[in-house]
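Geometric and topological summary
The residues making up each chain are set out below.
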Amino acid sequence: MTVRDIVAFPDPRLRQPARAVSAFDESLQALAADLLDTMRAAPGIGITGPHIGESWRMTVLELTPGEVRIYVNPQIVWQSEESQAHEEGSISMPGAAETIERPARVRVTYRDLAGVEQTEDADGLLAVCLQHEIDQLDGIFWIQRLSRLKREMLVRKWTKQRKR
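Thresholds applied
- Residues numbered from 1 in each chain as written.
- Predicted model: local features only at pLDDT ≥ 70, side-chain atom pairs only at ≥ 80, totals over all residues.
- Heavy atoms only, no water.
- Helix = DSSP H or I, 4+ residues; strand = E, 2+ residues; numbered from the N terminus.
- Polar contact = N/O pair within 3.5 Å; in protein donor to acceptor, adjacent residues only side chain to side chain.
- Contact = heavy atoms within 4.5 Å.
- Pairing = 2+ DSSP bridges.
- Phe/Tyr/Trp six-rings, centres within 6.5 Å; stacked < 30°, edge-to-face > 60°.
- Buried < 20%, exposed > 50% of the residue type's maximum accessible area, 1.4 Å probe, protein only.
- Axes fitted to C-alpha atoms, helices over the stretch in contact; angles between N-to-C directions.

**Brief notes about the side chain of Ser 90**
- Looking at the secondary structure, you find Ser 90 in the loop between β4 (83-89) and β5 (97-103).
- From its side chain, Ser 90 meets the backbone nitrogen of Ser 92 in a polar contact 3.0 Å long.
- In this structure Ser 90 touches His 51, Ala 96, Phe 141 and Trp 142, once residues within four positions along its chain are discounted.

As structure tokens, then:
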């Protein structure tokens, strides 16, 4: 389909909650294809509608080449008490990465591209990615999960790198 421009940090659109999808039609399938093409070109392993300026609750993941997962209107309905730490970053802030602590396992409900409700249990990298992208859909940019000190240091370092 089309590789779209990526909304770059600190664009305020990255901190706005995305709208729920209600029409499961050809335009939604086209958006999913654009998200996948854009994510692969970035490159990345996860992307949401807001990353390309489309305020719709949709995320595309490809943790293993060729294994594409599409989640429409995803919601975390359960999370484990145990946590895991994992390095995270964003295609909207290339080159920046920091360790984030999140629940180790989650259960997510979502709709597929046909609008059929699904439920999925996730752990490991999939759990991390789902939580990261659902945060983005909720208007929570990943660096907001860092302490204020770590966030400020990361933003300062990233800004300096971009000016080179």
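**A word on the pairing of strand β7 (residues 117-123)**
- Note: strand β6 (residues 105-111) against β7, seven bridges, orientation antiparallel. Residue pairing for β7: Val 106 is matched across the bridge by Ala 122.
- Where β6 folds back on β7, the antiparallel hairpin that results is connected by five residues, among which Gly 115 adopts a positive phi of roughly 90°.

**Regarding the packing of aromatic side chains**
- Enumeration according to the criterion identifies three aromatic pairs in this entry.
- Judged by centre distance (5.3 Å) and plane angle (15°), the rings of Phe 9 and Phe 141 are stacked. Here Phe 141 lies in the loop between α2 (124-137) and α3 (148-163) and Phe 9 lies in the segment before α1 (26-41), a separation of 132 residues in the sequence.
- Residue Phe 141 is classed as buried on the basis of its relative accessible area of 0%.

**Notes on the sheet that holds strand β3 (residues 67-79)**
- Sheet architecture is open: five strands sit in the order β1-β2-β3-β6-β7, paired in antiparallel fashion. This sheet does not close on itself; its edge strands, each paired only once, are β1 (46-48) and β7. Each neighbouring strand pair of the sheet contributes to a mean axis angle of 40°, computed without reference to strand direction.
- Bridge analysis of β1 against strand β2 (residues 58-64) gives three bridges, and the strand direction is antiparallel. Counted as the bridge partner of Thr 48 is Thr 59 from β2.
- With respect to the sheet, α2 is in contact with β1, β2, β3, β6 and β7, its orientation differing from that of β2 by roughly 155°.

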